[in-house]
Amino acid sequence: MLKKDTLSHYKEVYQIEWANTLPENCPPEDILVPENEEFYRLLTHKDKIVEKDWKTYIELFPDKEYFGDNLLMANGLSILKDIDVNVLKLPQYKRFKGIARLILNPTDGVVKKTYGANHYTLWRTTFFDESSAEIVSNEKD
(Lines give C-alpha, C1' and ligand atoms only; values in the text may rest on other atoms or scores of the structure.)
Protein backbone atom coordinates (compact mmCIF):
# COMPACT_ATOMS: atom_id res chain seq x y z
CA MET A 1 0.00 0.00 0.00
CA LEU A 2 1.14 3.53 -0.75
CA LYS A 3 -0.02 6.14 1.72
CA LYS A 4 -0.11 9.85 0.89
CA ASP A 5 1.79 11.93 3.41
CA THR A 6 3.85 15.05 3.77
CA LEU A 7 7.59 14.92 4.01
CA SER A 8 7.49 16.97 7.21
CA HIS A 9 5.19 14.46 8.93
CA TYR A 10 7.14 11.48 7.61
CA LYS A 11 10.45 12.84 8.96
CA GLU A 12 8.86 13.59 12.32
CA VAL A 13 7.39 10.09 12.67
CA TYR A 14 10.33 8.02 11.40
CA GLN A 15 13.35 10.14 12.45
CA ILE A 16 15.29 9.10 9.35
CA GLU A 17 18.51 10.12 7.66
CA TRP A 18 18.77 10.12 3.89
CA ALA A 19 21.17 7.70 2.22
CA ASN A 20 22.45 10.53 -0.01
CA THR A 21 23.06 14.22 0.49
CA LEU A 22 19.97 15.86 -0.98
CA PRO A 23 19.38 19.43 -2.11
CA GLU A 24 16.87 21.69 -0.41
CA ASN A 25 13.22 20.71 -1.00
CA CYS A 26 14.19 17.17 -1.94
CA PRO A 27 12.31 14.92 -1.66
CA PRO A 28 9.26 17.09 -2.37
CA GLU A 29 6.74 17.74 0.39
CA ASP A 30 3.99 15.63 -1.26
CA ILE A 31 5.22 12.05 -1.00
CA LEU A 32 3.96 8.50 -0.83
CA VAL A 33 5.04 6.21 1.99
CA PRO A 34 5.31 2.53 1.02
CA GLU A 35 4.03 -0.21 3.32
CA ASN A 36 5.11 -3.68 2.17
CA GLU A 37 4.94 -2.36 -1.40
CA GLU A 38 6.54 -4.16 -4.33
CA PHE A 39 8.61 -2.25 -6.88
CA TYR A 40 11.21 -3.16 -9.50
CA ARG A 41 14.62 -1.73 -10.32
CA LEU A 42 16.48 -2.27 -13.59
CA LEU A 43 19.99 -3.69 -13.13
CA THR A 44 23.23 -3.23 -15.04
CA HIS A 45 24.06 -6.97 -14.85
CA LYS A 46 21.81 -9.94 -15.52
CA ASP A 47 22.93 -12.17 -12.67
CA LYS A 48 24.04 -9.86 -9.86
CA ILE A 49 23.30 -6.57 -8.17
CA VAL A 50 26.27 -4.22 -8.00
CA GLU A 51 26.95 -0.93 -6.24
CA LYS A 52 26.31 1.03 -9.44
CA ASP A 53 22.70 -0.19 -9.41
CA TRP A 54 22.10 1.97 -6.32
CA LYS A 55 23.64 5.15 -7.75
CA THR A 56 21.46 8.15 -8.53
CA TYR A 57 21.82 10.08 -11.79
CA ILE A 58 23.52 12.84 -9.78
CA GLU A 59 26.17 10.32 -8.73
CA LEU A 60 26.47 8.68 -12.16
CA PHE A 61 26.58 11.92 -14.15
CA PRO A 62 27.92 14.63 -11.79
CA ASP A 63 28.80 17.05 -14.60
CA LYS A 64 25.28 17.18 -16.01
CA GLU A 65 23.02 20.06 -14.97
CA TYR A 66 19.57 19.28 -13.58
CA PHE A 67 16.76 21.74 -12.91
CA GLY A 68 13.33 21.70 -11.30
CA ASP A 69 11.62 18.31 -11.16
CA ASN A 70 14.54 16.70 -13.00
CA LEU A 71 16.82 17.75 -10.14
CA LEU A 72 14.49 16.07 -7.64
CA MET A 73 14.31 12.86 -9.66
CA ALA A 74 18.06 12.81 -10.37
CA ASN A 75 18.66 12.68 -6.61
CA GLY A 76 16.51 9.56 -6.26
CA LEU A 77 16.35 6.13 -7.85
CA SER A 78 14.03 5.23 -10.71
CA ILE A 79 11.78 2.32 -9.79
CA LEU A 80 8.86 0.72 -11.57
CA LYS A 81 5.55 -0.44 -10.12
CA ASP A 82 5.02 -3.20 -12.68
CA ILE A 83 7.56 -4.84 -14.93
CA ASP A 84 7.63 -6.91 -18.06
CA VAL A 85 10.95 -8.56 -18.93
CA ASN A 86 10.45 -7.29 -22.50
CA VAL A 87 11.25 -3.78 -21.27
CA LEU A 88 14.90 -4.86 -21.43
CA LYS A 89 14.56 -5.22 -25.21
CA LEU A 90 13.64 -1.56 -25.70
CA PRO A 91 16.48 0.58 -27.13
CA GLN A 92 16.36 3.16 -24.33
CA TYR A 93 17.04 0.40 -21.78
CA LYS A 94 19.89 -1.33 -23.64
CA ARG A 95 22.34 -0.69 -20.79
CA PHE A 96 20.19 -2.72 -18.41
CA LYS A 97 20.47 -6.50 -18.29
CA GLY A 98 18.33 -7.63 -15.35
CA ILE A 99 15.51 -6.78 -12.96
CA ALA A 100 15.35 -6.79 -9.17
CA ARG A 101 12.28 -6.81 -6.95
CA LEU A 102 12.17 -4.51 -3.93
CA ILE A 103 9.68 -4.70 -1.08
CA LEU A 104 9.60 -1.21 0.42
CA ASN A 105 8.45 -0.17 3.87
CA PRO A 106 8.25 3.25 5.55
CA THR A 107 11.76 3.23 7.00
CA ASP A 108 13.26 2.40 3.57
CA GLY A 109 12.36 5.80 2.15
CA VAL A 110 9.65 7.65 0.29
CA VAL A 111 8.45 7.62 -3.29
CA LYS A 112 6.66 9.88 -5.71
CA LYS A 113 4.95 8.93 -8.94
CA THR A 114 6.93 10.60 -11.69
CA TYR A 115 7.03 9.69 -15.41
CA GLY A 116 4.09 7.79 -16.92
CA ALA A 117 1.80 5.32 -15.25
CA ASN A 118 4.49 2.97 -13.99
CA HIS A 119 7.52 5.09 -12.98
CA TYR A 120 8.27 6.28 -9.46
CA THR A 121 11.26 7.94 -7.85
CA LEU A 122 12.60 6.54 -4.58
CA TRP A 123 14.56 8.59 -2.06
CA ARG A 124 16.25 6.06 0.24
CA THR A 125 17.05 6.36 3.91
CA THR A 126 20.03 4.86 5.69
CA PHE A 127 17.69 2.06 6.81
CA PHE A 128 17.23 0.82 3.22
CA ASP A 129 18.83 -2.62 2.95
CA GLU A 130 20.30 -3.10 -0.53
CA SER A 131 20.77 -6.81 0.13
CA SER A 132 17.00 -7.26 0.42
CA ALA A 133 16.62 -6.78 -3.36
CA GLU A 134 16.00 -10.01 -5.24
CA ILE A 135 16.86 -10.69 -8.88
CA VAL A 136 13.63 -11.74 -10.58
CA SER A 137 14.68 -11.87 -14.20
CA ASN A 138 17.84 -12.15 -16.18
CA GLU A 139 16.20 -13.10 -19.45
CA LYS A 140 16.90 -10.55 -22.12
CA ASP A 141 16.43 -12.66 -25.23
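Summary of the structure given here. (Residues numbered from 1 in each chain as written. Predicted model: local features only at pLDDT ≥ 70, side-chain atom pairs only at ≥ 80, totals over all residues. Heavy atoms only, no water.)

Relative to the assigned elements, Glu37 resides in strand β3 (residues 37-43). Residue Glu37 is classed as buried on the basis of its relative accessible area of 11%. Separated by 2.6 Å, the side chains of Glu37 and Lys81 make a polar contact. Ignoring sequence-local partners within four residues, the contact set of Glu37 consists of Met1, Leu2, Lys81, Leu102, Ile103 and Leu104. (Helix = DSSP H or I, 4+ residues; strand = E, 2+ residues; numbered from the N terminus. Buried < 20%, exposed > 50% of the residue type's maximum accessible area, 1.4 Å probe, protein only. Polar contact = N/O pair within 3.5 Å; in protein donor to acceptor, adjacent residues only side chain to side chain. Contact = heavy atoms within 4.5 Å.)

Moving on: the layout of surface pockets. One number sums up the size of the largest pocket: a volume of about 620 Å³. Residue lining of the largest pocket: 29 residues in total, with Tyr57, Ser78, Tyr93, Arg95 and His119 positioned closest to the centre. Looking at the lining of the largest pocket, the elements that each hand over two or more residues are β3, α2 (57-60), α3 (68-74) and β4 (77-80). When residues of the lining of the largest pocket are assigned to their parent elements, the largest contribution, 4 residues, is made by β4. Looking at the lining of the largest pocket residue by residue, the classes come out as 14 nonpolar, 7 polar and 8 charged. (1 Å grid on protein atoms, 1.4 Å probe; cavity = no way out; pocket = protein on both sides within 12 Å on 5 of 7 lines; lining within 4 Å. Points joined across faces, edges and corners; volume = space filled by probe spheres on them. Nonpolar A, V, L, I, M, F, W, Y, C, P; charged D, E, K, R; others polar.)

This part covers the nonpolar core. Counting residues in each nonpolar core, the largest one holds 14 residues, and the members touching the most others are Ile79, Leu102, Leu104, Val111 and Leu122. Element by element, the count of residues in this core is highest for strand β5 (residues 98-104), at 3 residues. Formed by 11 residues, the second largest nonpolar core is a distinct cluster that contains Ile16, Val33, Leu72 and Trp123. (Core = buried A, V, L, I, M, F, W, Y, C linked by side-chain atoms within 4.5 Å.)

So, about the pairing of strand β7 (residues 119-124). Along β7, 6 of the 6 residues are buried, which leaves the element largely enclosed by surrounding structure. Residues His119, Thr121 and Trp123 point to one face of β7 and Tyr120, Leu122 and Arg124 to the other, with burial holding for every one of them. The turn linking strand β6 (residues 109-113) back onto β7 is made up of 5 residues, and Gly116 within it adopts a positive phi angle of 55°. (Pairing = 2+ DSSP bridges.)

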